[in-house]
Amino acid sequence: MSLKTPEKATSADRMEQRAIIKFCVDSGKTPIETKQMMENTKRHRHISRSLVYKWHKRFSDGVCDLKDAERSGRPLLCDDITKSRIHDIVMKDRRLTLREVASISDVSKSSVFIILTEDFCMSRVCARWVPRLLSDEHKKRRMQTSKAFIQNFKRGGEKWLDRIITTDETWLHHFDPKTKTESSIWKHRGSPAPKKAKVAKSVGKQMYIFFADRHGMILVHAVPSGQTVLRRDLVKAIKKTRPAMAVDLGNIILHQDNAPAHMAASTCLEIELLGFNLLDHPPYSPDLAPMDFAIFPFIKSQLRGVRFENSDELKYATRTIVSKIDSKWYSDVFDSWLRRCEKCLQCKGDYVEK
C-alpha cells in the first residue's frame, strides 16, 4: 500500500493554521487538544506537532501577530570603496581567480564572489573556440551570403531548397574513442567516479565523400588512396536515387565549402561541364555548412567507440548508419541551415553556435 505524500503548505495555509491555533489558545485549549482538533479537518490533518506547540507557546506568551518575526538579514559585506577596489582589480586582469582577488583585496573569498556576481552582475566564462577570428571583411561576406540564401528561399520556397545538393569530404578512422562527455554516466552520491584512459585515434583511416539533399543521402563514396573524387559519380547516383532531378541537371545547385580541392581550377571546370550551378559559401564558415554542423557530427558520433578491423567493416557500418536516417532528419537539417543564416545576420556576421 502506497502512502500519499502530504502537500506542501502554501503561505495562505500557514496563515490560516496560525489563526486556528490562536483561536484555540484564546479558547483555553491545550496544545494536544489543538492538534487533535486540526487533525479532524481535511485541510490541516497533516499539520506537524512541533508547529502546533511552537505557535501555541508564542500566542500564550502574548504574541498576536500571525506573521513570522522579521529577520536581520545578511550583514553588510563591504563598503562601496572596497567593492570598487575589487571591481578595479578584476578589470585589470580578468583571468584572476577568486582566491587571488581575495588575497589582493584582503576580503574573504565568499564575499568577493557575492560582490562580483550580485553587485556587479559578473560571471566567469571560458573562451569559445572558433575556427578563425573573423575579420570585418569575412563577417561582411558571411552576411552577404546568408542574406542571398534567405532571399532565394523567399522567392523559391521549398522548391528552391529541393534543388540544392550539399557535399563535403571527411576522414573516418578505424577507431575513434568516445569523448569525455559521451562517456559520462549517472552515479549515486558517494560512489566512486569512473575512470577513462586517454586513447588516441587509430592510424588507419579512410576518406569519404558525402552528397545529400533535403530528402536524404544521395551518395556515400569511399575515396581510394591516391585518387581524386570525380563528380561524375554523382550523376549516376542522381539518376538512380533522384530520377526527377536527373531530368534537368542544369537545375541542380551544388553546395560545397571553400576547401582548396573544391576551389581548384580542375574541379570548377568539371562542375561547369556537368552543368551544375554553384551555391556561394563564405570562407571559414563550417557553421553554415550542413555537412559540418549536422551530418558529419552525427555519423561520427555513431561510429565513435567502435573498433573496425579494416576499411570494409568501416564502409559497411557507415552505410548502415546512413541508411537508417529518415528523410525528415535531413529536412530538419536544411531548416536549421536557414535559421543559421538568419542568426548570422542577427550576429552581424559572427559565428553561430546553434
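Before any of the text, the structure's been laid out above.
Reference entry: report on the structure contained in this document. (Residues numbered from 1 in each chain as written. Predicted model: local features only at pLDDT ≥ 70, side-chain atom pairs only at ≥ 80, totals over all residues. Heavy atoms only, no water.)

**With respect to the packing of aromatic side chains**
- Under the criterion given, the structure shown has eight aromatic pairs.
- In this structure an aromatic cluster arises from ring pairing among Phe149, Trp160, Phe334 and Trp337.
- When the ring centre of Tyr53 is taken as origin, the NZ or CZ atom of Arg49, which lies over that ring, is 4.3 Å away. (Phe/Tyr/Trp six-rings, centres within 6.5 Å; stacked < 30°, edge-to-face > 60°. Lys NZ or Arg CZ within 6 Å of the ring centre and 35° of its normal.)

**As for the packing of helix α1 (residues 11–26) against helix α2 (residues 31–39)**
- For the pair α1 and α2, the least separation of the axes is 10 Å and the interaxial angle reads 135°. With respect to α2, the element α1 is oriented oblique. With respect to the hand of their crossing, α1 and α2 are arranged in right-handed fashion. Across the interface between the two elements, Gln17, Ile20, Ile21 and Cys24 from α1 touch Thr34, Met37 and Met38 from α2.
- Among the residues forming the contact of α1 with α2, the class breakdown is five nonpolar, two polar and no charged. (Axes fitted to C-alpha atoms, helices over the stretch in contact; angles between N-to-C directions. Helix = DSSP H or I, 4+ residues; strand = E, 2+ residues; numbered from the N terminus. Parallel < 35°, antiparallel > 145°, perpendicular 65-115°, else oblique. Left-handed = near helix turned anticlockwise from the far one by under 90°. Contact = heavy atoms within 4.5 Å. Nonpolar A, V, L, I, M, F, W, Y, C, P; charged D, E, K, R; others polar.)

**Some details on helix α14 (residues 327–346)**
- Its 20 residues give α14 an end-to-end C-alpha distance of 29 Å, which sits within 8% of 28 Å, the value for a rise of 1.5 Å per residue.
- Listing the buried residues of α14 in full gives Tyr330, Ser331, Val333, Phe334, Ser336, Trp337, Leu338, Arg340, Cys341 and Cys344.
- Once α14 ends, the next one or two residues include Lys348, with phi positive near 60°. (Expected span 1.5 Å × (residues − 1). Buried < 20%, exposed > 50% of the residue type's maximum accessible area, 1.4 Å probe, protein only.)

**Observations concerning the layout of surface pockets**
- There is about 530 Å³ of room inside the largest pocket.
- Lining the largest pocket are 16 residues, with Arg94, Leu96, Ser123, Arg124 and Val125 sitting closest to its centre.
- Elements represented by at least two residues in the lining of the largest pocket include exactly α5 (98–105) and α6 (109–119).
- Broken down by element, the residue count for the lining of the largest pocket peaks at three residues, all from α6.
- By residue class, the composition of the lining of the largest pocket is 10 nonpolar, three polar and three charged. (1 Å grid on protein atoms, 1.4 Å probe; cavity = no way out; pocket = protein on both sides within 12 Å on 5 of 7 lines; lining within 4 Å. Points joined across faces, edges and corners; volume = space filled by probe spheres on them.)

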